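Examining the three-dimensional arrangement
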Amino acid sequence: MPQLVVMARVRPMSAAEREQGDLACFAADGTSVNALDDNGSVKSKFPLDDLFWMNQQSQAEVYARSGALATEAVMRGLDACVFAYGQTGSGKTHTMMGTQDDPGILPRAIMDIFDQIARESANAKVFEVDASFFEVYNEQVRDLLSDSSKDAAPKIRRHPTRGVFVEGLRRETVSSSEQALALIDQGMKDRAMSSTLANARSSRSHAVFNISITCTDGRKGTRRNSSAYLIDLAGSERVRQTGATGTQLEEAKNINQSLFSLRRVLDQLAANAEAKKRGQKPGLVPYRDSVLTHVLSDSLGGKSYCLMLAMLSPHSSNYDDSISTLKYAARARQIVLSPKVNEQQSSAALQKAMQAEIDDLRRQLTVTASRSEFDSEDIEMEISIRQDEVERIKHTDTNLDRLMAEFREREQRMNDELAAVEREKREMKVQLTA
Ligand SMILES: Nc1ncnc2c1ncn2[C@@H]1O[C@H](COP(=O)(O)OP(=O)(O)OP(=O)(O)O)[C@@H](O)[C@H]1O
Ligand SMILES: [Mg+2]
């Protein structure tokens, strides 16, 4: 069984850290990080799946060894999730977003996805891509692609086949990397950022970019859906260090609380993996304790290829926070995943299953309606989501049939042409030898 992949990136000392004296308290040891004591001896060792050390690797190389694995998964039809975790100022935004001149993992993943789509489209495949971009700010989902103050607040829901999703977000169809990159730029303008004592451009929210790909293979007659979450988390902070007051203090409390929920979820998932090995029952995972963990419940819960980037400052002033990040990185490496390709071959079976669910929900509705208005509203919404899905399947299936007929026709034409060329070749040979 694959495990959650955990890599670390240790950024170089900042100018302010260098001014305080060059107090490095970590050393690279292959793909492990060693924590050093005052004499430079190894105090503890943290093995990882890969390690990026003090900018010895360019942003391009970091992507090629980390984010590209998620891109590969999503192009194979798996869901994927990449998140950067670490204290404030450790380099999460630098690694995930990067700069205009030197992009990070998210823009590089977009460019890579569209490069691969261009190559694969030649193989009788049709791709449809759409994207959404939102932030979790003070425990609220805020759409970064629309003025959400005018719209109803987005709500987290569970889709019958696609799992957890955020309803009410704007989803943009994108047909080129330029279009998708423009969405990132648009969203980043609205993202909550401000200056603290620890970071001149500190993220005050978790930013979540979602790209969803549908690939219809006309030759094989299959359709795959996969989606990737690429996440730049806000960083944990000690208020003494960041000097937060007023709004920033409120933000800091919410950031720390949701990261605490994330650590609890990772901890329980690791405990469940151990329990499974011993043949014991798994414990309940507290996904619903925060908006962030609720949104990511499918990704963290094993249905996706999942990659955690543990971000670290090398300076001794951040030692305790870095050790805490490394301990969670080690814990997360124990989480077992079981991602599956979301491929459909027969839509008839899917429509039948969906109709059975609708009938079941209608039965529930008659029982619940008398009890709680809120519950029945939720069930009605679930029914309408499934009805939409049935319609979508019917519609895309018509497309699939049309596509397959086109490909068969084209293949037939090519075979005829090939046969004609062969015939000509044979005739010329006969003429030459005569
Ligand atoms: N690998 C790196 N090379 C050079 N500079 C870096 C690197 N990583 C981070 N930095 C710089 O360090 C500062 C803090 O980085 P960044 O904003 O990415 O931190 P963060 O983890 O996102 O913090 P926060 O949680 O407050 O948002 C920035 O000025 C950034 O340019
Ligand atoms: Mg940041």
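What counts and what doesn't
Residues take numbers from 1 onward in each chain, read along the sequence in its written order. Chain labels run from A onward and ligand labels from 1 onward, assigned in the order the entries are written. Predicted model: local features are reported for residues with pLDDT of at least 70 only, side-chain atom pairs are reported and counted for 80 or more only, and whole-chain, interface and lining totals are derived from all residues. Each side-chain value is worked out from all heavy atoms of the structure, with water and hydrogens disregarded. Nitrogen, oxygen and sulfur within 2.8 Å of a metal are treated as its donors, or within 3.2 Å for sodium, potassium and calcium (Na, K, Ca); water is not counted, so a site can appear incomplete. By definition, any uninterrupted DSSP run of H or I lasting at least four residues is a helix, any uninterrupted run of E lasting at least two residues is a strand, and each is numbered from the N terminus. What a helix should span is 1.5 Å times the count of its residues minus one. Here the term buried applies to any residue with accessible area under 20% of the maximum for its type, exposed to any over 50%, and partly exposed to those in between, with areas from a 1.4 Å probe on protein chains only. In this analysis, two residues are considered to be in contact whenever any of their non-hydrogen atoms come within 4.5 Å of each other. UniProt positions are given in the numbering used here, feature names are shortened, and annotations may be inferred rather than shown by experiment. Only a single heavy atom is needed: when it lies within 4 Å of a molecule or strand, its residue is near that molecule or strand. Residues adjacent in sequence count toward polar contacts only when both atoms are side-chain atoms; beyond that, a polar contact is any pair of N or O atoms within 3.5 Å, and within protein one must be able to donate a hydrogen and the other to accept it. Note on areas: these come from Shrake-Rupley sampling with a 1.4 Å probe, and a residue is covered only by the protein chains present in the view. Note: two strands are recorded as paired if DSSP finds a minimum of 2 bridges between them. Every axis corresponds to a line fitted to the C-alpha atoms, with the helix fit spanning only the stretch in contact, and the corresponding angles, defined between N-to-C directions, vary from 0 to 180 degrees.

Points about the coordination of the magnesium ion (ligand 2)
Around the magnesium ion (ligand 2), the protein supplies T93 (OG1) and S203 (OG) as donor atoms, at distances of 2.0 to 2.1 Å. With T93 in helix α4 (residues 92-96) and S203 in strand β13 (residues 202-203), this residue pair connects regions lying 110 residues apart in the sequence.

With respect to helix α11 (residues 319-332)
Here α11 is 14 residues long and its end C-alpha atoms lie 20 Å apart, about the 20 Å a rise of 1.5 Å per residue gives. Residues of α11 that are buried include every one of Y319, D321, S322, I323, T325, L326, A329 and A332, and no others. Where α11 is buried, its residues meet β1 (5-10), β2 (26-29), β3 (32-36), β4 (42-47), β6 (79-85) and β16 (304-312).

Here we look at the UniProt feature "binding site: ATP" (unreviewed entry) in the protein chain
Per the UniProt record, the feature "binding site: ATP" (unreviewed entry) sits at G86, Q87, T88, G89, S90, G91, K92 and T93. By the element assignment, Q87 lies in the loop between β6 and α4. In contact with Q87, other than residues within four places in its own chain, are K92, G235, S236, Q241, N318, D321, S322 and T325. Within the fold, G89 resides in the loop between β6 and α4. The residues contacting G89, other than those within four sequence positions of it, are R11 and N199.

As for the site of ligand 1
Looking at ligand 1, there are 17 residues lining it, with T88, K92, H94, S202 and S203 nearest. The backbone of S90 places a nitrogen or oxygen atom 3.2 Å from an oxygen atom of ligand 1. One nitrogen or oxygen atom from the main chain of H94 is found 2.8 Å from an oxygen atom belonging to ligand 1. Surface burial for ligand 1 is 76%, taken as the share of its 630 Å² of free accessible area covered by protein chains.

Some words on the sheet that holds β2
The strand order across the open sheet built from three strands is β2-β3-β4, with neighbouring strands paired in antiparallel fashion. If you trace the sheet from one side to the other, it starts and ends with β2 and β4, each paired once. Here the strands of the sheet are splayed against their neighbours by 25° on average, with no regard to which way each runs. Relative to β4, β3 runs antiparallel, the two being bridged by five bridges.

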